[in-house]
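Descriptive analysis of the structure
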Amino acid sequence: MILAVLYCLLWSFQTSAGHFPRACVSSKNLMEKECCPPWSGDGSPCGQLSGRGSCQNILLSNAPLGPQFPFTGVDDRESWPSIFYNRTCQCSGNFTGFDCGNCKFGFWGPNCTDRRLLVRRNIFDLSAPEKDKFFAYLTLAKHTISSDYVIPIGTYGQMKNGSTPMFSDINIYDLFVWIHYYVSMDTLLGGSEIWRDIDFAHEAPAFLPWHRLFLLRWEQEIQKLTGDENFTIPYWDWRDAEKCDICTDEYMGGQHPANPNLLSPASFFSSWQIICSRLEEYNSHQSLCNGMPEGPLRRNPGNHDKSRTPRLPSSADVEFCLSLTQYESGSMDKTANFSFRNTLEGFASPLTGIADASQSSMHNALHIYMNGTMSQVQGSANDPIFLLHHAFVDSIFEQWLRRHHPLQEVYPEANAPIGHNRESYMVPFIPLYRNGDFFISSKDLGYDYSYLQDSGSDSFQDYIKSYLEQAGRIWSWLLGAAMVGAALTALLAGLVSLLCGHKRKQLAEERQPLLMEKEDYHNLLYQSHL
């Protein structure tokens, strides 16, 4: 009953966010490569009359890229968003948005001057009305056409370089499904040729910042859609889970009694249609996903390839990830060793930190375990479990940031795979965001996690924990060095005693410094400690 009431009450809201602003997809906009629509508050481009922003040239990073993508000028996502636009709104102060009409994450109010911290909670901590409200919001988003954004259904070349726009309406929920598809789709090289080894949001440094932004944008649009400014995405804490405990009709949907690959008819999501799942068809036709329905959600948790993913992640796996001090390493892709990002993403073992192409662990393990729509990268966001899963992954990222306190410079500036350098703009978001902008604490972005708030008093312990862990790993070396140092110190003390006794026999006017000048003495002590 509560779902029906909420659905009726909320139907009047029509808003969204995501990819191509509806105001910027005319042939004039595309051919002039400009997206600087007027802000409704004063009618001026980018709200310039109100001091919100102005239309400016986009400054692209020229930092070198890694060798993984050997082409140039064949993919619309290269040097995003320069294929489509080279001028966009650059917003001032705490304003943001494609027209500078919104507030930056963490800021509120008519002038975006109020700070606010929202808290994401465990889905099992939600009351029944709160849970039903969350499901009502999801359903509303699935049935509300975006008034602000559209999706391209052809490449820039197929649009004849902008002279023939090819765009389509899409609902708010599917808009974000399409975004996740587009950022990870294969490169279409023409004819029947494609390039699969490309992804602007996975298998490289931007994996965590990109999905952090994805969740924030999704969360923000649900807040606008519903008028519920306190809405946050719940998370699913899957540590040590023996089964999918949210895969019930009370939560995210149980199994269909006649077909275990489908959701139960009693599920909130049993009637949902998915999009962007026919990848080989798009590739063979050299086309983009057009957002049309392609069948029901599929999920059969636990009936997956257990040789690749033997179990769900444990608390010990998470702790090992958090102990890794390097955010990124080596080639900065899915072959990276001892990389926190690569281990959390699931391409490196959570037991050793060594990349292992035969296994899918951590984040990847949950996708494989679901054994259905969520197991295919490009279409995985169709399943609403995606949101709960990635919210918890983001919380682990947040734990790592709080434990190690990295400077923004720790995020790679250059030589990462295409789209993953620190100053690269995230595909396919407009307004523009850089990868490095989200390599900061969630508190600076206006949100926190309920289970992390409880450990606030232990912040000092978290700060030194990483150093203690490093000391533990080199303890045997330190012990050996200490023994050598002790022996050298004893030898030095004996030598000092001998010489002092000799010197005491000399006349007072003949006395000299005991051993050596002060600088030389400290040098010897430094060497003995080494």
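Relevant structure appears above.
Conventions adopted
- Residues numbered from 1 in each chain as written.
- Predicted model: local features only at pLDDT ≥ 70, side-chain atom pairs only at ≥ 80, totals over all residues.
- Heavy atoms only, no water.
- Salt bridge = Lys/Arg side-chain N within 4 Å of Asp/Glu carboxyl O.
- Helix = DSSP H or I, 4+ residues; strand = E, 2+ residues; numbered from the N terminus.
- Axes fitted to C-alpha atoms, helices over the stretch in contact; angles between N-to-C directions.
- Parallel < 35°, antiparallel > 145°, perpendicular 65-115°, else oblique.
- Left-handed = near helix turned anticlockwise from the far one by under 90°.
- Contact = heavy atoms within 4.5 Å.
- Nonpolar A, V, L, I, M, F, W, Y, C, P; charged D, E, K, R; others polar.
- Polar contact = N/O pair within 3.5 Å; in protein donor to acceptor, adjacent residues only side chain to side chain.
- Core = buried A, V, L, I, M, F, W, Y, C linked by side-chain atoms within 4.5 Å.
- Buried < 20%, exposed > 50% of the residue type's maximum accessible area, 1.4 Å probe, protein only.
- Pairing = 2+ DSSP bridges.
- Disulfide = S-S within 2.5 Å.

1. A closer look at the pattern of salt bridges
If you walk through the whole model with that rule in mind, you get 27 salt bridges. Residues R87 and E34 are paired through a salt bridge, measuring 3.1 Å at the closest nitrogen-oxygen approach. Remark: E34 occurs in strand β2 (residues 34-35) and R87 occurs in strand β4 (residues 87-91); sequence separation between them is 53 residues. Taken together, the salt bridges that share partners define one network made up of R120, R212, E219, D394, E398, R402 and D448.

2. Let's talk about the packing of helix α5 (residues 207-226) against helix α10 (residues 385-404)
Running from N to C, α5 and α10 point in directions that differ by 125°, and their axes come no closer than 10 Å. With respect to α10, the axis of α5 lies oblique. α5 and α10 meet at a crossing whose hand is left-handed. Between α5, through F207, L208, P209, H211, R212, F214, L215 and W218, and α10, the contact on the second element is made entirely by F386, L387, H390, A391, V393, D394, F397, E398 and L401. Residue classes in the contact of α5 with α10 are distributed as 12 nonpolar, two polar and three charged.

3. Points about the side chain of H202
Position of H202 among the secondary structure elements: in the loop between β13 (193-195) and α5. There is a polar contact of 2.9 Å between the side chain of H202 and the side chain of D199. A distance of 3.4 Å separates polar atoms of two side chains, one belonging to H202 and the other to H211. The contacts of H202, once residues within four sequence positions are left out, are H180, S184, F207, H211, E345, V377 and H420.

4. Considering the nonpolar core
Grouped together as the largest cluster of nonpolar side chains are 117 residues, with contacts concentrated most on Y181, F214, W218, F340 and L387. Per element, the largest residue contribution to this core is 11 residues, and it comes from α10. Contacts of Y181, omitting those with residues within four sequence positions, involve C276, L279, Y282, S287, L288, C289 and Q378.

5. A word on the sheet that holds strand β10 (residues 149-152)
Two strands in a sheet stick together by hydrogen bonds in their backbones, pointing the same way (parallel) or opposite ways (antiparallel). Read from one edge to the other, the open sheet built from three strands follows the order β1-β10-β11, with strand pairing classed as antiparallel. This sheet does not close on itself; its edge strands, each paired only once, are β1 (20-21) and β11 (167-168). In this sheet, β10 lies alongside β1 in antiparallel orientation, the contact comprising two bridges. Counted as the bridge partner of F20 is V150 from β10.

6. Re the state of the cysteines
What the rule picks out here adds up to seven disulfides. Between C24 and C35 runs a disulfide, and the two sulfur atoms are separated by 2.1 Å. Residues C24 and C35 share a disulfide whose torsion about the S-S bond is about 75°; that sign makes it right-handed. You can see C24 sitting in the loop between β1 and α2 (27-32) and its partner C35 sitting in strand β2, a full 11 residues away along the chain. Judged by relative accessible area, C24 falls into the buried class, the value being 1%. Here C46 is linked by a disulfide to C89, with a sulfur-sulfur distance of 2.0 Å. The disulfide joining C46 to C89 has a torsion of about -80° about its S-S bond and is therefore left-handed. In this pair, C46 is assigned in the loop between β2 and β3 (53-57) and C89 in strand β4, connecting sequence segments 43 residues apart. With respect to class, C46 is no different from C89; both count as buried.

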